[in-house]
Amino acid sequence: MNKLTVTASRSYDVIIERGGLDRIGEYLADLTASCRAAVISDSHVFPLYGRQVEDSLRRAGFAPFSFVFEAGEASKNLTVYGQILEFLAARHMSRSDVILALGGGVTGDLAGFVAATYLRGIRYVQLPTSLLAAVDSSVGGKAGIDLPEGKNLAGAFHQPMLVLCDPDTLKTLPETVIRDGSAEVIKYGMLGSEAFFRELEETPITEQAEHVISVCVGMKRDLVAADEQDTGERRKLNLGHTFGHALEKCSHFRISHGAAVSVGMVLISQAAASRGMLSQHDLNRLIRLLKQYGLPTETVFPAASLREAALSDKKISDGRLHLIVPEAIGKCVIVPVSGDELVSWLPDEN
Ligand SMILES: NC(=O)c1ccc[n+]([C@@H]2O[C@H](COP(=O)([O-])OP(=O)(O)OC[C@H]3O[C@@H](n4cnc5c(N)ncnc54)[C@H](O)[C@@H]3O)[C@@H](O)[C@H]2O)c1
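**Considering the overall build of the protein**
Tallying secondary structure elements over the protein gives 13 helices and 11 strands in all. For a compact globule of 350 residues, the expected C-alpha radius of gyration is about 20 Å, and the protein comes in at 20 Å, within 12% of that figure. Principal-axis analysis of the C-alpha atoms places the extent of the protein at approximately 60 × 40 × 35 Å. Counting over 350 residues, the protein shows a buried share of 57%.

In C-alpha coordinates:
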(Lines give C-alpha, C1' and ligand atoms only; values in the text may rest on other atoms or scores of the structure.)
Protein backbone atom coordinates (compact mmCIF):
# COMPACT_ATOMS: atom_id res chain seq x y z
CA MET A 1 0.00 0.00 0.00
CA ASN A 2 1.17 3.45 -0.83
CA LYS A 3 -0.41 6.68 0.39
CA LEU A 4 0.24 10.17 -0.95
CA THR A 5 -1.39 13.39 0.18
CA VAL A 6 -2.44 16.05 -2.29
CA THR A 7 -2.39 19.56 -0.90
CA ALA A 8 -4.73 21.83 -2.84
CA SER A 9 -7.81 23.91 -1.93
CA ARG A 10 -8.75 20.74 -0.07
CA SER A 11 -6.21 18.15 1.08
CA TYR A 12 -6.87 14.49 0.42
CA ASP A 13 -5.14 11.16 0.31
CA VAL A 14 -4.48 9.04 -2.74
CA ILE A 15 -4.31 5.41 -1.62
CA ILE A 16 -2.78 2.92 -4.06
CA GLU A 17 -3.47 -0.58 -2.80
CA ARG A 18 -3.93 -3.92 -4.47
CA GLY A 19 -7.30 -5.29 -3.40
CA GLY A 20 -8.16 -1.84 -2.02
CA LEU A 21 -11.68 -1.80 -3.50
CA ASP A 22 -12.69 -4.33 -0.84
CA ARG A 23 -11.75 -1.75 1.80
CA ILE A 24 -13.35 1.38 0.34
CA GLY A 25 -16.05 1.28 3.04
CA GLU A 26 -13.45 1.28 5.83
CA TYR A 27 -11.49 4.13 4.29
CA LEU A 28 -14.61 6.20 3.77
CA ALA A 29 -15.77 5.52 7.34
CA ASP A 30 -12.53 7.13 8.55
CA LEU A 31 -13.55 10.35 6.78
CA THR A 32 -17.30 10.65 7.27
CA ALA A 33 -20.27 9.43 9.31
CA SER A 34 -22.45 6.84 7.64
CA CYS A 35 -24.55 8.31 4.84
CA ARG A 36 -25.90 7.47 1.44
CA ALA A 37 -23.28 6.67 -1.18
CA ALA A 38 -24.11 7.03 -4.89
CA VAL A 39 -21.82 4.86 -7.01
CA ILE A 40 -21.57 6.21 -10.55
CA SER A 41 -20.05 3.79 -13.04
CA ASP A 42 -20.18 2.66 -16.65
CA SER A 43 -21.58 -0.45 -18.31
CA HIS A 44 -18.17 -2.16 -18.58
CA VAL A 45 -16.83 -1.42 -15.12
CA PHE A 46 -19.92 -1.79 -12.93
CA PRO A 47 -20.52 -5.48 -13.77
CA LEU A 48 -16.85 -6.16 -12.87
CA TYR A 49 -16.45 -4.15 -9.66
CA GLY A 50 -19.78 -2.57 -8.72
CA ARG A 51 -20.93 -5.24 -6.28
CA GLN A 52 -17.50 -5.37 -4.61
CA VAL A 53 -17.69 -1.64 -3.92
CA GLU A 54 -21.33 -1.71 -2.80
CA ASP A 55 -20.68 -4.66 -0.46
CA SER A 56 -17.68 -2.93 1.12
CA LEU A 57 -19.71 0.25 1.62
CA ARG A 58 -22.59 -1.69 3.17
CA ARG A 59 -20.26 -3.55 5.56
CA ALA A 60 -19.00 -0.18 6.80
CA GLY A 61 -22.51 1.14 7.45
CA PHE A 62 -23.13 3.17 4.28
CA ALA A 63 -26.27 2.94 2.16
CA PRO A 64 -25.09 2.52 -1.44
CA PHE A 65 -27.10 2.80 -4.64
CA SER A 66 -25.82 2.99 -8.19
CA PHE A 67 -26.20 4.77 -11.50
CA VAL A 68 -24.73 2.96 -14.52
CA PHE A 69 -24.33 4.66 -17.90
CA GLU A 70 -23.28 3.35 -21.32
CA ALA A 71 -19.45 3.09 -21.44
CA GLY A 72 -17.55 5.47 -23.71
CA GLU A 73 -16.60 9.08 -24.31
CA ALA A 74 -19.96 9.66 -26.06
CA SER A 75 -21.64 9.48 -22.63
CA LYS A 76 -19.61 12.38 -21.23
CA ASN A 77 -22.33 14.76 -22.38
CA LEU A 78 -25.10 17.06 -21.17
CA THR A 79 -27.77 14.37 -21.48
CA VAL A 80 -26.12 11.82 -19.20
CA TYR A 81 -24.97 14.60 -16.86
CA GLY A 82 -28.60 15.76 -16.56
CA GLN A 83 -29.85 12.22 -16.04
CA ILE A 84 -27.47 11.71 -13.12
CA LEU A 85 -28.46 15.03 -11.50
CA GLU A 86 -32.13 14.08 -11.75
CA PHE A 87 -31.39 10.58 -10.44
CA LEU A 88 -29.72 12.06 -7.34
CA ALA A 89 -32.45 14.65 -6.81
CA ALA A 90 -35.17 11.99 -7.07
CA ARG A 91 -33.39 10.10 -4.27
CA HIS A 92 -33.06 13.25 -2.17
CA MET A 93 -29.26 13.07 -2.05
CA SER A 94 -28.13 15.71 0.43
CA ARG A 95 -24.92 17.59 1.03
CA SER A 96 -23.95 15.14 3.76
CA ASP A 97 -24.04 12.25 1.26
CA VAL A 98 -21.20 11.10 -0.99
CA ILE A 99 -20.68 10.23 -4.66
CA LEU A 100 -18.19 7.56 -5.73
CA ALA A 101 -16.84 7.61 -9.30
CA LEU A 102 -15.97 4.00 -10.19
CA GLY A 103 -14.29 3.71 -13.59
CA GLY A 104 -11.99 5.34 -16.09
CA GLY A 105 -11.47 8.99 -16.93
CA VAL A 106 -14.90 9.36 -18.50
CA THR A 107 -16.61 8.25 -15.29
CA GLY A 108 -14.31 10.37 -13.13
CA ASP A 109 -14.86 13.52 -15.20
CA LEU A 110 -18.61 13.04 -15.45
CA ALA A 111 -19.23 12.06 -11.81
CA GLY A 112 -16.78 14.75 -10.66
CA PHE A 113 -18.74 17.40 -12.56
CA VAL A 114 -21.99 16.13 -11.09
CA ALA A 115 -20.39 16.34 -7.62
CA ALA A 116 -19.13 19.86 -8.34
CA THR A 117 -22.56 21.14 -9.32
CA TYR A 118 -25.24 19.10 -7.55
CA LEU A 119 -26.44 21.22 -4.59
CA ARG A 120 -23.58 23.59 -5.52
CA GLY A 121 -21.08 20.88 -4.71
CA ILE A 122 -21.04 17.66 -2.68
CA ARG A 123 -18.22 15.38 -1.63
CA TYR A 124 -16.96 12.65 -3.91
CA VAL A 125 -14.43 9.83 -4.09
CA GLN A 126 -12.47 8.77 -7.15
CA LEU A 127 -12.05 5.02 -7.69
CA PRO A 128 -9.99 4.92 -10.91
CA THR A 129 -9.98 1.62 -12.82
CA SER A 130 -8.14 2.55 -16.04
CA LEU A 131 -4.41 3.27 -16.29
CA LEU A 132 -5.09 6.80 -17.51
CA ALA A 133 -7.48 7.51 -14.65
CA ALA A 134 -5.05 6.03 -12.13
CA VAL A 135 -2.05 8.08 -13.21
CA ASP A 136 -3.78 11.27 -14.27
CA SER A 137 -7.48 12.13 -14.33
CA SER A 138 -8.48 10.92 -10.83
CA VAL A 139 -6.07 13.35 -9.16
CA GLY A 140 -6.17 17.12 -9.39
CA GLY A 141 -9.87 17.95 -9.32
CA LYS A 142 -10.52 18.73 -12.97
CA ALA A 143 -14.00 17.53 -13.87
CA GLY A 144 -16.18 18.17 -16.87
CA ILE A 145 -18.18 17.08 -19.86
CA ASP A 146 -17.98 17.47 -23.63
CA LEU A 147 -20.23 19.72 -25.69
CA PRO A 148 -21.06 19.20 -29.37
CA GLU A 149 -18.60 22.06 -30.03
CA GLY A 150 -15.66 20.33 -28.37
CA LYS A 151 -14.19 18.17 -25.62
CA ASN A 152 -14.25 19.20 -21.96
CA LEU A 153 -15.86 22.55 -22.74
CA ALA A 154 -17.98 22.62 -19.58
CA GLY A 155 -16.30 21.83 -16.31
CA ALA A 156 -15.12 22.78 -12.86
CA PHE A 157 -12.27 22.37 -10.44
CA HIS A 158 -13.60 20.21 -7.61
CA GLN A 159 -11.16 18.19 -5.55
CA PRO A 160 -12.24 14.72 -4.35
CA MET A 161 -12.23 13.82 -0.63
CA LEU A 162 -10.29 10.61 -1.36
CA VAL A 163 -8.77 8.74 -4.28
CA LEU A 164 -8.49 4.97 -3.91
CA CYS A 165 -6.74 3.16 -6.72
CA ASP A 166 -6.75 -0.63 -6.80
CA PRO A 167 -4.11 -1.69 -9.39
CA ASP A 168 -5.69 -5.15 -9.59
CA THR A 169 -8.51 -3.59 -11.63
CA LEU A 170 -6.06 -2.90 -14.47
CA LYS A 171 -5.96 -6.66 -15.18
CA THR A 172 -9.36 -6.53 -16.88
CA LEU A 173 -8.49 -3.56 -19.11
CA PRO A 174 -8.49 -4.18 -22.87
CA GLU A 175 -5.03 -4.02 -24.48
CA THR A 176 -5.90 -0.85 -26.44
CA VAL A 177 -6.91 0.99 -23.27
CA ILE A 178 -3.65 -0.03 -21.56
CA ARG A 179 -1.74 1.26 -24.59
CA ASP A 180 -3.51 4.62 -24.44
CA GLY A 181 -2.70 4.97 -20.74
CA SER A 182 0.94 4.04 -21.44
CA ALA A 183 1.32 7.20 -23.53
CA GLU A 184 0.40 9.31 -20.51
CA VAL A 185 2.80 7.35 -18.30
CA ILE A 186 5.66 7.89 -20.75
CA LYS A 187 4.70 11.57 -20.78
CA TYR A 188 5.49 11.76 -17.04
CA GLY A 189 8.94 10.29 -17.61
CA MET A 190 9.59 12.70 -20.46
CA LEU A 191 8.47 15.79 -18.58
CA GLY A 192 9.89 15.11 -15.15
CA SER A 193 12.18 12.14 -14.53
CA GLU A 194 14.91 10.48 -16.55
CA ALA A 195 15.22 7.74 -13.89
CA PHE A 196 11.51 6.90 -14.26
CA PHE A 197 11.81 6.97 -18.06
CA ARG A 198 14.61 4.39 -17.75
CA GLU A 199 12.42 2.18 -15.54
CA LEU A 200 9.78 2.22 -18.28
CA GLU A 201 12.43 1.19 -20.81
CA GLU A 202 13.58 -1.68 -18.61
CA THR A 203 10.32 -3.09 -17.19
CA PRO A 204 6.84 -3.18 -18.77
CA ILE A 205 4.35 -0.86 -17.05
CA THR A 206 1.94 -3.73 -16.32
CA GLU A 207 4.68 -5.57 -14.42
CA GLN A 208 5.22 -2.62 -12.07
CA ALA A 209 1.76 -1.02 -12.04
CA GLU A 210 1.71 -0.06 -8.35
CA HIS A 211 5.10 1.63 -8.58
CA VAL A 212 4.26 3.38 -11.86
CA ILE A 213 0.99 4.76 -10.49
CA SER A 214 2.72 5.98 -7.32
CA VAL A 215 5.44 7.80 -9.25
CA CYS A 216 2.98 9.46 -11.65
CA VAL A 217 0.59 10.47 -8.86
CA GLY A 218 3.54 11.89 -6.92
CA MET A 219 4.52 14.03 -9.91
CA LYS A 220 0.96 15.14 -10.51
CA ARG A 221 0.52 15.93 -6.80
CA ASP A 222 3.51 18.28 -6.94
CA LEU A 223 2.24 20.05 -10.07
CA VAL A 224 -1.28 20.43 -8.62
CA ALA A 225 0.09 21.74 -5.32
CA ALA A 226 2.14 24.34 -7.20
CA ASP A 227 -0.62 25.36 -9.61
CA GLU A 228 -4.10 24.02 -8.85
CA GLN A 229 -5.86 26.26 -11.40
CA ASP A 230 -3.59 25.24 -14.30
CA THR A 231 -2.15 28.64 -15.16
CA GLY A 232 1.55 27.78 -14.68
CA GLU A 233 3.60 24.65 -13.96
CA ARG A 234 0.60 22.27 -14.19
CA ARG A 235 0.51 23.08 -17.89
CA LYS A 236 3.49 20.75 -18.29
CA LEU A 237 1.01 17.86 -18.11
CA ASN A 238 -0.06 19.01 -21.57
CA LEU A 239 3.16 17.70 -23.10
CA GLY A 240 2.19 16.20 -26.45
CA HIS A 241 -1.40 17.41 -26.06
CA THR A 242 -1.40 20.55 -28.25
CA PHE A 243 -0.57 18.61 -31.39
CA GLY A 244 -2.26 15.51 -29.94
CA HIS A 245 -5.62 17.26 -29.66
CA ALA A 246 -5.09 18.66 -33.16
CA LEU A 247 -4.54 15.13 -34.46
CA GLU A 248 -7.66 13.87 -32.71
CA LYS A 249 -9.65 16.65 -34.37
CA CYS A 250 -8.13 16.07 -37.82
CA SER A 251 -9.00 12.37 -37.58
CA HIS A 252 -12.54 13.18 -36.37
CA PHE A 253 -11.60 11.33 -33.17
CA ARG A 254 -10.85 8.07 -34.99
CA ILE A 255 -7.32 8.23 -33.53
CA SER A 256 -7.45 7.39 -29.82
CA HIS A 257 -6.32 9.99 -27.28
CA GLY A 258 -3.25 8.00 -26.21
CA ALA A 259 -2.12 7.42 -29.79
CA ALA A 260 -2.57 11.13 -30.53
CA VAL A 261 -0.57 12.15 -27.44
CA SER A 262 2.17 9.75 -28.50
CA VAL A 263 2.49 11.35 -31.94
CA GLY A 264 2.07 14.80 -30.37
CA MET A 265 5.06 14.17 -28.09
CA VAL A 266 7.14 13.08 -31.07
CA LEU A 267 6.17 16.15 -33.15
CA ILE A 268 7.06 18.64 -30.43
CA SER A 269 10.26 16.74 -29.65
CA GLN A 270 11.26 16.75 -33.32
CA ALA A 271 10.67 20.51 -33.42
CA ALA A 272 12.80 20.89 -30.27
CA ALA A 273 15.56 18.75 -31.80
CA SER A 274 15.57 20.73 -35.04
CA ARG A 275 16.05 23.92 -32.97
CA GLY A 276 18.92 22.38 -31.04
CA MET A 277 16.89 22.36 -27.79
CA LEU A 278 16.77 18.53 -27.54
CA SER A 279 19.48 16.05 -28.53
CA GLN A 280 18.85 13.60 -31.38
CA HIS A 281 19.79 10.84 -28.93
CA ASP A 282 16.96 11.77 -26.54
CA LEU A 283 14.50 12.12 -29.43
CA ASN A 284 15.42 8.63 -30.63
CA ARG A 285 15.02 7.25 -27.11
CA LEU A 286 11.51 8.71 -26.88
CA ILE A 287 10.49 7.25 -30.25
CA ARG A 288 11.95 3.85 -29.31
CA LEU A 289 10.07 3.75 -25.99
CA LEU A 290 6.74 4.73 -27.56
CA LYS A 291 7.18 1.99 -30.17
CA GLN A 292 8.09 -0.47 -27.43
CA TYR A 293 4.60 0.13 -25.96
CA GLY A 294 2.92 -0.27 -29.36
CA LEU A 295 2.24 3.45 -29.79
CA PRO A 296 2.39 5.34 -33.11
CA THR A 297 5.07 7.97 -33.72
CA GLU A 298 4.10 9.46 -37.11
CA THR A 299 1.14 11.21 -38.67
CA VAL A 300 -0.19 11.55 -42.19
CA PHE A 301 -1.94 14.87 -41.58
CA PRO A 302 -0.40 17.96 -43.19
CA ALA A 303 1.02 20.76 -41.04
CA ALA A 304 -1.63 23.23 -42.24
CA SER A 305 -4.48 21.06 -40.93
CA LEU A 306 -2.67 20.49 -37.63
CA ARG A 307 -2.10 24.23 -37.22
CA GLU A 308 -5.73 25.06 -37.88
CA ALA A 309 -6.92 22.40 -35.45
CA ALA A 310 -4.36 23.48 -32.81
CA LEU A 311 -5.51 27.09 -33.04
CA SER A 312 -9.06 26.12 -32.11
CA ASP A 313 -7.73 24.63 -28.84
CA LYS A 314 -9.64 25.87 -25.79
CA LYS A 315 -6.36 26.37 -23.96
CA ILE A 316 -5.38 29.40 -26.03
CA SER A 317 -5.19 32.40 -23.73
CA ASP A 318 -4.64 35.97 -24.99
CA GLY A 319 -4.11 34.57 -28.48
CA ARG A 320 -1.17 32.48 -27.26
CA LEU A 321 -0.70 28.75 -26.96
CA HIS A 322 1.61 27.29 -24.35
CA LEU A 323 3.78 24.65 -25.95
CA ILE A 324 5.48 22.18 -23.62
CA VAL A 325 8.90 21.62 -25.12
CA PRO A 326 11.33 18.88 -24.02
CA GLU A 327 14.94 19.96 -23.46
CA ALA A 328 16.05 16.50 -22.33
CA ILE A 329 14.41 13.34 -21.11
CA GLY A 330 13.00 14.41 -17.75
CA LYS A 331 13.05 18.15 -18.45
CA CYS A 332 10.53 20.38 -20.24
CA VAL A 333 9.96 24.10 -20.54
CA ILE A 334 6.80 26.10 -21.25
CA VAL A 335 7.07 28.18 -24.42
CA PRO A 336 4.22 30.63 -25.17
CA VAL A 337 3.73 31.07 -28.94
CA SER A 338 1.37 33.09 -31.10
CA GLY A 339 -0.69 31.49 -33.88
CA ASP A 340 1.84 32.70 -36.47
CA GLU A 341 4.78 31.35 -34.52
CA LEU A 342 3.08 27.96 -34.19
CA VAL A 343 3.80 27.22 -37.86
CA SER A 344 7.52 27.05 -37.21
CA TRP A 345 6.95 24.35 -34.57
CA LEU A 346 5.12 22.06 -36.97
CA PRO A 347 6.78 19.70 -39.47
CA ASP A 348 7.47 21.37 -42.87
CA GLU A 349 6.21 18.55 -45.06
CA ASN A 350 4.19 15.43 -44.46
N1 LIG B 1 -9.76 15.30 -15.43
C2 LIG B 1 -8.54 15.20 -15.89
O3 LIG B 1 -7.58 15.76 -15.35
C4 LIG B 1 -8.30 14.34 -17.10
C5 LIG B 1 -6.99 14.06 -17.52
C6 LIG B 1 -6.82 13.22 -18.62
C7 LIG B 1 -7.92 12.68 -19.28
N8 LIG B 1 -9.18 12.98 -18.86
C9 LIG B 1 -10.35 12.41 -19.50
O10 LIG B 1 -10.32 11.00 -19.32
C11 LIG B 1 -11.08 10.38 -20.34
C12 LIG B 1 -10.34 9.17 -20.86
O13 LIG B 1 -10.17 8.27 -19.79
P14 LIG B 1 -10.07 6.70 -20.03
O15 LIG B 1 -9.06 6.42 -21.07
O16 LIG B 1 -9.96 6.04 -18.72
O17 LIG B 1 -11.49 6.40 -20.73
P18 LIG B 1 -12.77 5.57 -20.25
O19 LIG B 1 -13.25 6.00 -18.93
O20 LIG B 1 -13.75 5.63 -21.38
O21 LIG B 1 -12.19 4.10 -20.13
C22 LIG B 1 -11.74 3.45 -21.30
C23 LIG B 1 -12.49 2.12 -21.50
O24 LIG B 1 -12.01 1.20 -20.52
C25 LIG B 1 -13.11 0.66 -19.81
N26 LIG B 1 -12.61 0.33 -18.50
C27 LIG B 1 -12.18 1.19 -17.54
N28 LIG B 1 -11.66 0.52 -16.52
C29 LIG B 1 -11.78 -0.80 -16.81
C30 LIG B 1 -11.39 -2.00 -16.16
N31 LIG B 1 -10.73 -2.00 -15.00
N32 LIG B 1 -11.66 -3.18 -16.76
C33 LIG B 1 -12.28 -3.21 -17.99
N34 LIG B 1 -12.64 -2.11 -18.68
C35 LIG B 1 -12.39 -0.92 -18.08
C36 LIG B 1 -14.18 1.69 -19.87
O37 LIG B 1 -15.46 1.13 -19.68
C38 LIG B 1 -13.99 2.23 -21.29
O39 LIG B 1 -14.62 1.36 -22.20
C40 LIG B 1 -11.32 11.45 -21.42
O41 LIG B 1 -12.67 11.86 -21.37
C42 LIG B 1 -10.40 12.59 -21.00
O43 LIG B 1 -10.91 13.85 -21.36
C44 LIG B 1 -9.38 13.80 -17.78
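**Remarks on the side chain of Gln 159**
Residue placement: Gln 159 occurs in the loop between strand E8 (150-157) and strand E9 (162-165). A distance of 2.9 Å separates a polar atom in the side chain of Gln 159 from the backbone oxygen of Gly 140. A polar atom in the side chain of Gln 159 sits 3.3 Å from the backbone nitrogen of Gly 141. In contact with Gln 159, other than residues within four places in its own chain, are Ala 8, Ser 9, Arg 10, Tyr 12, Tyr 124, Gly 140, Gly 141, Val 224 and Glu 228.

**Some points on the site of the ligand**
Around the ligand sit 26 residues in total, of which Asp 42, Glu 73, Gly 105, Ser 130 and Thr 172 are the nearest. The backbone of Gly 105 places a nitrogen or oxygen atom 2.8 Å from an oxygen atom of the ligand. With respect to the ligand, the backbone of Lys 142 contributes an N or O atom lying 2.9 Å from a nitrogen atom. Protein chains bury 87% of the 860 Å² of accessible surface belonging to the ligand in isolation. Elements represented by at least two residues in the shell around the ligand include exactly helix H2 (45-59), helix H4 (105-117), helix H5 (131-137) and E8. Each residue belonging to the shell around the ligand can be placed in one class, and the counts come to 9 nonpolar, 9 polar and 8 charged.

**Let's talk about the sheet that holds strand E3 (residues 36-42)**
Strand order in this open sheet of 7 strands is E1-E2-E9-E6-E5-E3-E4, and the pairing throughout is mixed. Edge positions in the sheet fall to strand E1 (2-7) and strand E4 (63-69), since each has one partner strand and no second. Between one strand axis and the next, the sheet turns by 20° as a mean value, whatever way the strands run. Contacting E3, E4, strand E5 (98-103) and strand E6 (123-128), H2 runs over the sheet at an angle of about 170° to E3. In the packing of helix H8 (residues 209-226) onto the sheet, the strands contacted are E1, strand E2 (11-16) and E9, and the crossing angle to E1 comes to about 15°.

**Thoughts on the side chain of Lys 76**
As for its placement among the helices and strands, Lys 76 is situated in the loop between E4 and helix H3 (78-90). Ignoring any residue separated from it by four or fewer positions in sequence, one finds Lys 76 in contact with Val 106, Asp 109, Leu 110, Gly 144, Ile 145, Asp 146 and Asn 152.

**Some details on the nonpolar core**
The nonpolar side chains of soluble globular proteins are, as a tendency, buried together. Of all hydrophobic cores here, the largest spans 72 residues; its most connected members are Val 185, Ile 186, Leu 200 and Trp 345. Ignoring any residue separated from it by four or fewer positions in sequence, one finds Leu 200 in contact with Val 185, Ile 186, Ile 205, Gln 208, Val 212, Leu 289, Gln 292 and Tyr 293. Among the nonpolar cores identified, the runner-up in size contains 25 residues, and Phe 65, Ile 99, Ile 145 and Ala 154 belong to it.

**Quick look at the pairing of E5**
Counting buried residues in E5 gives 6 out of 6 residues, a clear majority hidden from the surface. Of the strand pairs in this sheet, E3 and E5 are connected by 5 bridges, and their pairing is parallel. Residue pairing for E5: Val 39 is matched across the bridge by Leu 100. Where E5 meets E6, 6 bridges bridge the pair, whose relative direction is parallel. Of the residues in E6, the one forming a bridge with Ile 99 is Tyr 124.

The rules behind each value
- Residues numbered from 1 in each chain as written.
- Predicted model: local features only at pLDDT ≥ 70, side-chain atom pairs only at ≥ 80, totals over all residues.
- Heavy atoms only, no water.
- Helix = DSSP H or I, 4+ residues; strand = E, 2+ residues; numbered from the N terminus.
- Rg over C-alpha atoms; globule rule 2.2 N^0.38 Å.
- Buried < 20%, exposed > 50% of the residue type's maximum accessible area, 1.4 Å probe, protein only.
- Polar contact = N/O pair within 3.5 Å; in protein donor to acceptor, adjacent residues only side chain to side chain.
- Contact = heavy atoms within 4.5 Å.
- Near = heavy atom within 4 Å.
- Areas by Shrake-Rupley, 256 points an atom, 1.4 Å probe, with all protein chains shown as cover.
- Nonpolar A, V, L, I, M, F, W, Y, C, P; charged D, E, K, R; others polar.
- Pairing = 2+ DSSP bridges.
- Axes fitted to C-alpha atoms, helices over the stretch in contact; angles between N-to-C directions.
- Core = buried A, V, L, I, M, F, W, Y, C linked by side-chain atoms within 4.5 Å.

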